[in-house]
Amino acid sequence: MTVVKADILRAIHRIHHQLADLNSRLQRGPRQLQANDASVAKLKEAVDTAKEAVKRNRILTDQKELQLKEREGRILDVRAKLNGASSNREYQAFLEQIAADEEANSVLSDEILELFDKATELTAKVEDAQGVLQKGEKDLDALRKKIEGERASLEQDVLRLQGELAELEKQLPAELKVDYQRIVKVRGAEGLAQLDGDTCGSCFTIITTQMQSQIMLEQLVFCKSCGCILYKAESEAS
Ligand SMILES: [Zn+2]
């Protein structure tokens, strides 16, 4: 029977848990940054969309102002023709044309004024979107610095624990090492379990009385159900 100290297995198991926790925290940082990067990209899109609306409004205003000027020119032309009218009927036709153009331009002027108001509103929206974007970029920058700082410290912890783990693993019996490496490679911290009363602490299968006795005697026992290495609870340590 291979004998393996429960204290060693317990310490190894604890370090595997700590390493798993550190690694999950190390992975969380980049995921958080990725999500925030996507948010900032959306804020940039919002600024572009707001700017595009200002541009479209300006183009429309320019078109209407051009139309207004063209019609004003036409009114002046027709006015100049008034005195040279060949008949009263032609004179009346000129007057009617002038009145129609003036009426149309009055409507157009109102529309242009509305577009001016809209331009003010749309410009304010661009400024708002730019403000939100700036804040988003600042927050992202702060988050990146925080995560980089944490990563340095987490990586140091990982190195320290890996060193401690290697030292503890040296104390495992030689005949266990191959099985141990195979199990923890696949299952990590779940490759070891403390005996919990009469069940495996990992899969909760009931362990035979004979196996329980072997575990109490610090003999090497694998759970028949989940295959993990079992060790006795600390309160039952001799
Ligand atoms: Zn089990």
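Residues numbered from 1 in each chain as written. Predicted model: local features only at pLDDT ≥ 70, side-chain atom pairs only at ≥ 80, totals over all residues.

Draft legend 1. Here's a closer look at the overall build of the protein chain. From N to C terminus, the protein chain includes four helices and four strands. A globule of 238 residues ought to have a C-alpha radius of gyration of about 18 Å, yet the protein chain, at 41 Å, is considerably larger. Along the longest, intermediate and shortest principal axes, the C-alpha atoms of the protein chain span 130 × 35 × 30 Å. Counting all 238 residues of the protein chain, 11% fall into the buried class. Pairs at least 24 residues apart make up 74% of the contacts formed inside the protein chain by residues separated by at least 6 positions. (Helix = DSSP H or I, 4+ residues; strand = E, 2+ residues; numbered from the N terminus. Rg over C-alpha atoms; globule rule 2.2 N^0.38 Å. Buried ≥ 20, exposed ≤ 12 C-beta atoms within 10 Å, placed from the backbone. Contact = placed C-beta atoms within 7 Å.)

Draft legend 2. Up close: the sheet that holds strand E3 (residues 221-222). Pairing within the open sheet is mixed, and its four strands lie in the order E2-E1-E4-E3. Both outer strands of the open sheet, strand E2 (199-200) and E3, are each paired with one neighbouring strand and no more. With three bridges connecting them, strand E1 (residues 192-196) and strand E4 (residues 229-231) associate as parallel partners. Bridged to Leu 192 within E4 is Ile 229. (Pairing = 2+ DSSP bridges.)

Draft legend 3. How the structure looks around the domain arrangement of the protein chain. Domain boundaries assigned for the protein chain yield domain 1 (24-169) and domain 2 (174-236). For domain 1 and domain 2, the distance between their C-alpha centres works out to 64 Å. (Domains from an automatic or database assignment.)

Draft legend 4. Highlighting the pairing of E1. Relative to E2, E1 is paired through two bridges, and the arrangement is antiparallel. The residue of E2 that forms the bridge with Leu 195 is Cys 200. In sequence, E1 turns back onto E2 through a hairpin of two residues, with Gly 197 there showing a positive phi of about 65°.

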